[in-house]
Structures are given as structure tokens and as C-alpha cells.
Amino acid sequence: MALQSIIDRRLAGKNKSIGNRERFLRRYKEQIREAVRRAIDGRGIRDMERGEDVHIPRRDIGEPVFGHGPGGVRETVHPGNREYVQGDRIERPKGGAGGGAGRGQASDSGEGEDDFVFGLSKEEFMQVFFEDLALPHLVRTQLAEVPEWTYRRAGFSNDGTPTNLHVVRSLRGAIGRRIAIGALSRRELRELEDELAALRATPVPAEPMAARERSARIDELEERIAALRSRLERIPYLDPLDLRYRNRVRVPVPTSKAVMFCLMDVSGSMDEQRKDLAKRFFILLYLFLTRHYERIELVFIRHHTQAAEVDEEGFFHARETGGTVVSSALVLMEEIIRARYSPSEWNIYGAQASDGDNWHHDSGRCRELLAGKLLPLCRYYAYVQVAEEEQNLWEEYAQLVGVYPHFAMRKAVEASQIYPVFRDLFKKDGAEAAA
């Protein structure tokens, strides 16, 4: 049976060991998860993709050690001993194994040790965040990876592969080189040819001396003309210096701009736990969009009986509550789109989170607003209900699922249930890419 060797060729950072680091992450997984959870609560949606410092109490990183307890028979003289020799009897310490009762004066010197601080990288932070959401490994990799790149033409280069050879550019350079190198020789050749033609056109002198000089001059001109023609013929037609190759540089995939609308119910029935689920839902969609668009704007709309556009801090942490009229948020979203985000210039995404509780006369209007006004403008619209009970809003929205393929709705009563909302989104994206 042949033995196979697995070589880990991943690049490790300076003074870091990948194996030790992974073992450390597995050993203190609970502390790291708790640190990531606290970081999510304190961060904004735009600040998710960065690392985090994890503080681990000193008592949690203690290593098991073997020590000698009191008692027993030992015949050992430790190095550095100056008081005893082998065979001396040493009095047993009084007051326990520590040799004292632990009482005394406070000291003005000495050192202590703080909690151990471990820095999570951006990739490690995102992996822990995705584990909490129970994303499959493939989708987790797609969200955590860097944006896709492509190669674009960037002029010409003197070296490259034969497949990238630009024939026209190479021949143009060869012609220019031959013209530049042979310019002086051709000029001299024309002058000598003109002189030779003029000399041959003159009659032969009657004097023998003049005739011999004329004949010698003609022979000299013919030799120089032959030498110049030979020099011009030796100029290479195509030299390796003339070759030009298409040059390509690695650039990010060109993307257009997108806007993500976050709509959330802040009525009295939406407690902090449900708001936290909604925040994770918005974070996941935002991370997905950052992998496809270079410029993304966020619009936060919170509503109870009335809707208002707020900043992120007010969206998640404001104390104002009231009844529930969901249509007010949908109307405001359409007004903002018409005023600031033209569908011809922006890719519009909508994300709505609610516990499903709504004024019963308003749910039908919400369905009409989505079908008639918002869904024709949006690339994708996702609704997540952070409560298990199905109410009239869920029943109205369910009528849109089969009609509009870019509309998805799911329930999520815990963090691990958020991903199914995005499963359809990833399938749709894959189908578009294949088409």
C-alpha cells in the first residue's frame, strides 16, 4: 500500500504558526464565539468585516502541571544549594505546603498579569460569525472570499506568450526599426548611384590619364554601392526586439452600484432578541451584496404606526415603540426610490424584518404595494418573520411567492434559521451566472 504525504503550503504570517493557531481556536471556541457575539452587538453593519481582540481570563489558559506534594522520602539536593549537603535532615515546613499562613504586609514592588488578549483576523472573525448562522461551507467560503478579478488589456509588453503576440504591432515596429537603422545607408547609396550615373553619362576623356581616373572612380563607386546594398540586406526583417505582446493586468470585476433598504418593525412586540435576529439578517444580506457590488448604500426605515428614515444607531437602538402599520414603511421606501435611486442607475434590494403582527386592514395593502409598486423596481426582496406564529401579513405575502421569483420569505426564530432566506438568493444568482 503506497503512503501519501500531505504538505501544508499555506503561507503563515510573520512569527505565526498555522497549526498552533488553529489548535488555539478550537480549544477556546466558546470564548471566541462570545467575543464575536459581543462585537456584533456593538458594531454597525458596514463595520462587520474586520478583526476583533478576544480577552481570555488568565485562569482559563492555565496548563496542567505535575508537582511534588508534601511528605514522602526524597534524597535530592537541588542545584544552587549552599546550605545543605547530602544526608542532612531538613525540617518540614510549618503551616501547610506553602510554608506559611498567607499573612503579611502589602508590597510596593512586584508584577501582575492581565487577561490574555488574542487577535482574531478578519477572515477568522467572519468564519465564526457564519458558523453561528449555520451556513454551509461552500456559501461561507463565497461570502468570506475576496472579490472576483479579471484581466484587462493594458497596452503592450516586450515579452509574453506566443498566443498573446500582436502581429500588426510587431511588424509596425520592425518596419520602423529598419527605416531608422538603414536611413543613412540609403541616403549615401542614392548619392553614390547619382554620382555613378552622372559619371557614366559623361563621354570618355581623350587623355589616357583622365580616362584611367574615370574608370578607377567608377570601380570605386560600384564597390561602395555593392557594400551598402549588402549592408542593407543584412538588416533583419523581424528581430526579437520588434515583438510586441498584448499586456493584461489583473483588475476587480467591474460592478455597478446598489442600494439596500432595511425595513424593520419596532412596535411593542419586537423585543431585543427579535431585533438581534433582524440585525443578523441584514448583515448577511449586506455581506452578500458587497461581493457583487463595489458601491453599496444603506437606507434604514423603522416603523410602528408611522415610518421614518433613520441612521443605523436609531434603527437598532431607539426606544420609540407603538402599534404596527407596515404599509407606512413600504410607502416611504417607494418615495425614497423615486426621489434618490433611479432603477436605471441603481440595483435595488429590499430586506424586511417583522414579527408578522400588523393591523389586519393593512396587510392586504402591503401585498398590493409590493406587487404593484416595489417588486417591479427591485432586483430582489426578502422578508423574514422573527416569530413562529403565522398572522395575516404572512398569509398576504405568501400569495406573492409563486408569482414573483425575486421575492423570498422565511421564518427565523433563532440565528441558525436565517440562512434558508438566502438559499433561494444563491440559487437564483447561480442560474443567472450560468445563463
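Rules behind the numbers
Residues numbered from 1 in each chain as written. Predicted model: local features only at pLDDT ≥ 70, side-chain atom pairs only at ≥ 80, totals over all residues. Heavy atoms only, no water. Helix = DSSP H or I, 4+ residues; strand = E, 2+ residues; numbered from the N terminus. Buried < 20%, exposed > 50% of the residue type's maximum accessible area, 1.4 Å probe, protein only. Areas by Shrake-Rupley, 256 points an atom, 1.4 Å probe, with all protein chains shown as cover. Salt bridge = Lys/Arg side-chain N within 4 Å of Asp/Glu carboxyl O. Phe/Tyr/Trp six-rings, centres within 6.5 Å; stacked < 30°, edge-to-face > 60°.

Student: Help me understand the overall build of the protein chain in this model?
Tutor: Counting its secondary structure elements, the protein chain contains 12 helices and 10 strands. A burial count over the protein chain gives 34% of its 435 residues as buried. Accessible surface computed for the protein chain: about 27,900 Å², of which carbon and sulfur atoms make up 50%.

Student: How do you make sense of the pattern of salt bridges when you look at a structure like this?
Tutor: Pairs may arise between side chains of opposite charge once their charged atoms sit close together. Counting across every chain of the model gives 12 salt bridges. Residue Arg229 pairs with Glu193 through a salt bridge whose shortest N-O separation is 2.6 Å. Note that Arg229 is positioned in helix H6 (residues 208-233) and Glu193 in helix H5 (residues 167-201), a separation of 36 residues in sequence. Owing to a relative accessible area of 43%, Arg229 belongs among the partly exposed residues under this scheme. The exposure class of Glu193 is partly exposed, given its relative accessible area of 28%. The structure contains a network of salt bridges with shared partners spanning Glu195, Arg217 and Glu220.

Student: What am I meant to see in the packing of aromatic side chains here?
Tutor: Geometrically, a pair of aromatic rings is defined through the distance of the ring centres and the angle of the planes. Summed over the entire model, instances satisfying the criterion amount to 8 aromatic pairs. Look at Phe261 and Tyr341: their rings are 6.0 Å apart centre to centre, the planes differ by 85°, and that puts the pair in the edge-to-face class. A residue pair is termed long-range when its members are at least 10 positions apart, and Phe261 in strand E5 (residues 257-265) and Tyr341 in the loop between helix H9 (327-340) and strand E8 (347-354) qualify at 80 residues. Since its relative accessible area comes to 5%, Tyr341 is described here as buried. Where Phe300 meets Phe315, the ring centres are 5.0 Å apart and the plane angle is 50°; that geometry is what we call tilted. Of this pair, Phe300 sits in strand E6 (residues 295-303) while Phe315 sits in helix H8 (residues 312-317), and the two are 15 residues apart along the sequence. This pair shows no difference in class: Phe300 is buried, exactly as Phe315 is.

None of the figures reported here should be taken as evidence of function without further support.
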